[in-house]
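Understanding the architecture of this molecule
Chain by chain, the residues:
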Amino acid sequence: DYIIQNLSNLYFINQNIGIATATGYNPPFPPSYYICRTTNGGSQWNINNINGVGNFGEIEFFEEDLGLMMIQNPSSQTEILKSTDKGLTWSLLTTNLTLSGLSGIEILNDSTYMLINGVNTYLSIDYGSTWEVVNSANNNLSYVKLWDSSRGIVCGNNGGIYRTRDVGLTWEKK
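Attention here is on the structure that accompanies the text. Please read all numbers here as calculations on a predicted model, not as lab measurements.

Tallied over the full model, the rule gives five aromatic pairs. Ring centres of phenylalanine 12 and tryptophan 45 lie 6.3 Å apart, and the angle between their planes is 80°; this geometry places the pair in the edge-to-face category. Remark: tryptophan 45 occurs in the loop between β3 (32-38) and β4 (46-50) and phenylalanine 12 occurs in strand β1 (residues 3-12); sequence separation between them is 33 residues. Note on tryptophan 45: relative accessible area 34%, which makes it partly exposed. With centroids separated by 6.2 Å and ring planes inclined at 65°, the aromatic side chains of tyrosine 33 and phenylalanine 56 adopt a geometry described as edge-to-face. A residue pair is termed long-range when its members are at least 10 positions apart, and tyrosine 33 in strand β3 and phenylalanine 56 in strand β5 (residues 55-62) qualify at 23 residues. Note on phenylalanine 56: relative accessible area 6%, which makes it buried. Taken together, Tyr11, Phe61 and Trp90 form an aromatic cluster joined through their ring pairs.

This part covers the sheet that holds strand β15 (residues 161-164). Spatially, four strands are ordered β13-β14-β15-β16 in an open sheet, and the strand pairing comes out antiparallel. Both edges of this open sheet fall to β13 (141-146) and β16 (172-173), since each of them pairs with a single strand only. Across two bridges, the pairing between β15 and β16 is antiparallel. Across the sheet, arginine 163 pairs through a bridge with glutamate 172, a residue of β16.

Analysis parameters
- Residues numbered from 1 in each chain as written.
- Predicted model: local features only at pLDDT ≥ 70, side-chain atom pairs only at ≥ 80, totals over all residues.
- Heavy atoms only, no water.
- Phe/Tyr/Trp six-rings, centres within 6.5 Å; stacked < 30°, edge-to-face > 60°.
- Helix = DSSP H or I, 4+ residues; strand = E, 2+ residues; numbered from the N terminus.
- Buried < 20%, exposed > 50% of the residue type's maximum accessible area, 1.4 Å probe, protein only.
- Pairing = 2+ DSSP bridges.

Written as structure tokens, this is what we have:
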């Protein structure tokens, strides 16, 4: 039996399907990292061991099928996992990014994603294959939210709040 020690994230796609990330162990094996999934509102959970993870970041879904999850590998580099089947399976998204730090990720539509790693805000318009810096506020950014195809906001722990009206091409400090 698995012994879960720390739940780090929880995201429900709908009232039945939910994804949680956790650390724990399966005796006699050493501590591991897990992606847990429920299809019945949390009554039962399927637990999958994920190798090569050092820490979990945010989980985000778009229209139930498409999910992204930030992870930190044991070398402290940020990587992105992608699911196209409601979180049943996850694969490493190959990108042009070399990042450290975990903060936030947002999915605007099936091809446009935004993420922050504490310092920079990155935008991808090609399903996450390539990313460009659209804001380097250097304000310990920790949260990103996109409302529609043009409007969004990022904010940080040092009081920085930045708003965009053109999906990240320009930013206005608030």
